[in-house]
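Residue strings, one per chain:
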Amino acid sequence: MDFSDIASVSGKGTLFKIIQPTRTGVILESLDEHKKKMVATMHNKVSILSEISIYTTDAEGAVPLEDVMRKIHKEFDGDTDLDKNSSPEELKAFLKFVLPDYDEGRVYVSDIKKVVSWYDQLVKQAPEVLVEKKKEKKETKKAAKKEEAKGE
């Protein structure tokens, strides 16, 4: 499983695994221990985690959520010591530590709460998505070598 297989549904507190698309929506299964299935239709706001980014003030303008989650995992190894009841100052300081150039004007405390909540769920129910795959590392090295060869 990877970030493109996981979705969030607005109004639902948990993350979902994408099971199968249908004619009118998509079949989802909750990642928690209950494994409840639901059909999300076009009336539900479904966001796939691989398509979510966090605004930054640098030239790129945003960082994929997947990169942020992996950086959180690398720094905190599953225990951020935060939850939805943490103070806004703690949450902002946390994101500032993980992503120093995040756009404070466009990233709200509620967004940071979602990131923390989703991270906690992923650590418990799908920790394999937080570990960078060796294959990806090899592909990145190959791409870097090709770029280096082109530059010569």
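One can find the structure itself at the top, above this paragraph.
Reference entry: report on the structure contained in this document. Bear in mind the structure is a predicted one, so any value in this text is a computation, not a measurement.

Definitions and limits used
Residue positions are given per chain, counted from 1 along the sequence in the order it is written. Per-residue local features are limited, in this predicted model, to residues with pLDDT of at least 70; the limit for side-chain atom pairs, both in listing and counting, is 80 or more; totals at the level of whole chains, interfaces and linings are taken over all residues. Only hydrogens and water are set aside; all other atoms, that is, all heavy atoms of the structure, feed into the side-chain values. Any carboxyl oxygen of Asp or Glu within 4 Å of a side-chain nitrogen of Lys or Arg constitutes a salt bridge here. Relative accessibility under 20% of the residue-type maximum defines a buried residue, over 50% an exposed one, and the middle range a partly exposed one, all with a 1.4 Å probe and only protein chains included. Each nonpolar core is a collection of buried residues, namely Ala, Val, Leu, Ile, Met, Phe, Trp, Tyr and Cys, held together in the definition by side-chain atoms within 4.5 Å. Only DSSP runs of H or I covering at least 4 residues are called helices, and only runs of E covering at least 2 are called strands; the numbering of each starts at the N terminus. Strands pair, by our definition, only if DSSP identifies at least two bridges between them. Helix axes are fitted only over the stretch in contact, all axes being lines through C-alpha atoms; the angle between N-to-C directions runs from 0 to 180 degrees. Whether a set of points on the 1 Å grid over the protein atoms alone is a cavity depends on a 1.4 Å probe fitting there but being unable to get out, while an open set qualifies as a pocket with protein on both sides within 12 Å along at least five of seven lines; lining residues are those with an atom within 4 Å of a point. Grid points are joined across faces, edges and corners, and a volume is the space filled by probe spheres set on the points. Pairs were defined over the aromatic rings of Phe, Tyr and Trp, the Trp ring being its six-membered one, requiring ring centres within 6.5 Å. Orientation was assigned from the angle between planes: stacked under 30 degrees, edge-to-face over 60, tilted for the rest. We call two residues contacting when some pair of their heavy atoms lies within 4.5 Å. Definition of a polar contact: a pair of N or O atoms within 3.5 Å, with one able to donate and the other able to accept a hydrogen when the atoms are protein atoms, and with sequence-neighbouring residues admitted only if both atoms are side-chain atoms.

1. Topic: the pattern of salt bridges
- Enumeration according to the criterion identifies two salt bridges in this entry.
- One salt bridge connects Glu-104 with Lys-96, and the closest N-O pair in it is separated by 3.0 Å.
- Given the relative accessible area of 37%, Lys-96 is considered partly exposed.

2. Focus on the nonpolar core
- Membership of the largest hydrophobic core comes to 29 residues, with the highest contact counts inside it found for Leu-49, Ile-54, Leu-65, Met-69, Ile-72, Ile-112 and Leu-122.
- For this core, the elements supplying multiple residues, two or more each, are helix H1 (65–76), helix H2 (88–98) and helix H3 (109–125).
- Here this core gets six residues from one element, more than from any other, and that element is H3.
- Grouped together as the second largest cluster of nonpolar side chains are seven residues, Val-9, Phe-16, Leu-28 and Met-38 included.

3. Notes on the sheet that holds strand E5 (residues 46–48)
- Spatially, E4-E3-E2-E1-E5 is the arrangement adopted by the five strands of the open sheet, whose pairing is antiparallel. The open sheet has two free edges, formed respectively by strand E4 (37–41) and E5, since each of these has just one partner strand. Pairwise comparison of adjacent strand axes, ignoring direction, gives a mean angle of 45 degrees for this sheet.
- The pairing of strand E1 (residues 6–9) with strand E2 (residues 15–21) spans three bridges and is antiparallel. Paired with Ala-7 across the two strands is Phe-16, which belongs to E2.

4. Some thoughts on the layout of surface pockets
- Here the largest pocket defines a volume of roughly 570 Å³.
- The wall of the largest pocket is formed by 25 residues, among which Ser-8, Ile-52, Asp-111, Lys-114 and Trp-118 lie closest to the centre.
- The set of elements that each furnish at least two residues to the lining of the largest pocket consists of E1, strand E6 (53–55) and H3.
- Sorting elements by how many residues they give to the lining of the largest pocket places H3 first, with seven residues.

5. Notes on the packing of aromatic side chains
- Counted under the stated rule, the structure contains two aromatic pairs.
- Centroid distance Phe-76 to Phe-94: 5.3 Å. Interplanar angle 50 degrees. Geometry classified as tilted. You can see Phe-76 sitting in helix H1 and its partner Phe-94 sitting in helix H2, a full 18 residues away along the chain.
- Taking the relative accessible area as the measure of exposure, Phe-76 reaches 22% and is therefore partly exposed.

6. Examining the environment of Tyr-102
- Position of Tyr-102 among the secondary structure elements: in the loop between H2 and H3.
- Here Tyr-102 falls in the buried class, since its relative accessible area comes to 3%.
- Residues Tyr-102 and Thr-57 lie 45 residues apart in sequence; the distance between their C-alpha atoms is 6.1 Å.
- When neighbours within four sequence positions are excluded, Tyr-102 is seen to be in contact with Ile-54, Tyr-55, Thr-56, Thr-57, Lys-92, Leu-95, Lys-96, Val-107 and Ile-112.

7. Considering the pairing of E1
- Burial of the side chains of E1 extends over both faces: Ile-6 and Ser-8 are buried on one face and Ala-7 and Val-9 on the other.
- Here E1 folds back onto E2, and the loop between the two strands holds five residues, one of which, Gly-11, carries a positive phi near 90 degrees.

8. Some thoughts on the environment of Gln-121
- Inspection of the secondary structure assignment puts Gln-121 in helix H3.
- Excluding residues within four positions of it along the chain, Gln-121 makes contact with Gly-13, Thr-14, Leu-15 and Ala-126.
- Here the side chain of Gln-121 touches Leu-15 through a polar contact of 2.8 Å, landing on its backbone nitrogen.

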